[in-house]
Amino acid sequence: QVQLGESGGGSVQAGGSLRLSCAASGRTLSSYAMGWFRQAPGKEREFLAAIVWSGDNTYYAESVKGRFTISGDNAKNTVYLQMNSLKPEDTAVYYCAAGPDRGVGYRSRWLYNNWGQGTQVTVSS
């Protein structure tokens, strides 16, 4: 098992930026697929981005492509989500997640079996 902890959430005005961090302990993240998801009140948990170190690949939801960037630092065992041009509809609790690298399914929440506690992001207009 790997333990995950998100940080970097907060309140920002529309058009602003935030960088979320997901620090891991217990296992090396490079052996996992890592994803970022979010959940707004009354909505399903939504895939945002994933990174797979085995192939140095990244994946994005269409809703955030070009605005959000996922990256990782093996030395710090940390994954980041840089969020630019934020919109009020980006308001949600943001979660990082780790799961087995099976070569497929990186956009599915069901791949991931380790989740952080979440961090709130609020974007005001």
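What you are looking at is a predicted structure, and each value in this text was computed from that prediction instead of being measured.

(A) Representation of the overall build of the protein chain within the structure. Each helix and strand in the protein chain was counted, giving zero helices and eleven strands. In terms of C-alpha radius of gyration, the protein chain reaches 13 Å, essentially the compact-globule figure of 14 Å for 125 residues. Along the first, second and third principal axes, the C-alpha set of the protein chain runs to 40 × 25 × 25 Å. Expressed as a percentage of its 125 residues, the buried residues of the protein chain come to 46%. Here the analysis covers contacts within the protein chain between residues at least 6 apart in sequence; of these, 58% occur between residues at least 24 apart. By element, 45% of the accessible surface of the protein chain is carried by carbon and sulfur atoms, the whole surface being about 6,200 Å². Counting 12 positive and 9 negative side-chain charges, the protein chain places the averaged centre of each group 2 Å from the other.

(B) How the structure looks around the pattern of salt bridges. Inspection of the entire model under this criterion finds four salt bridges. For Lys 65, the salt bridge identified is with Glu 62, shortest N-O distance 2.8 Å. On the accessibility criterion, Lys 65 (45% relative accessible area) is partly exposed. Residue Glu 62 is classed as exposed on the basis of its relative accessible area, which comes to 63%. A salt bridge links Asp 90 to Arg 67, with the shortest nitrogen-to-oxygen separation between them at 2.8 Å. In this pair, Asp 90 sits in the loop between β8 (78-83) and β9 (92-100) while Arg 67 sits in the loop between β6 (57-60) and β7 (68-73), placing the two residues 23 residues apart along the sequence. One exposure class covers both Asp 90 and Arg 67, and it is buried. Here the residues in one salt-bridge network are Arg 38, Glu 46, Arg 67 and Asp 90, joined through shared partners.

Procedures and definitions
Residues numbered from 1 in each chain as written. Predicted model: local features only at pLDDT ≥ 70, side-chain atom pairs only at ≥ 80, totals over all residues. Heavy atoms only, no water. Helix = DSSP H or I, 4+ residues; strand = E, 2+ residues; numbered from the N terminus. Rg over C-alpha atoms; globule rule 2.2 N^0.38 Å. Buried < 20%, exposed > 50% of the residue type's maximum accessible area, 1.4 Å probe, protein only. Contact = heavy atoms within 4.5 Å. Areas by Shrake-Rupley, 256 points an atom, 1.4 Å probe, with all protein chains shown as cover. Lys, Arg positive; Asp, Glu negative; His and termini not counted. Charge placed at Lys NZ, Arg CZ, Asp CG, Glu CD. Salt bridge = Lys/Arg side-chain N within 4 Å of Asp/Glu carboxyl O.

The quantities given are spatial measurements derived from coordinates; they are silent on function.
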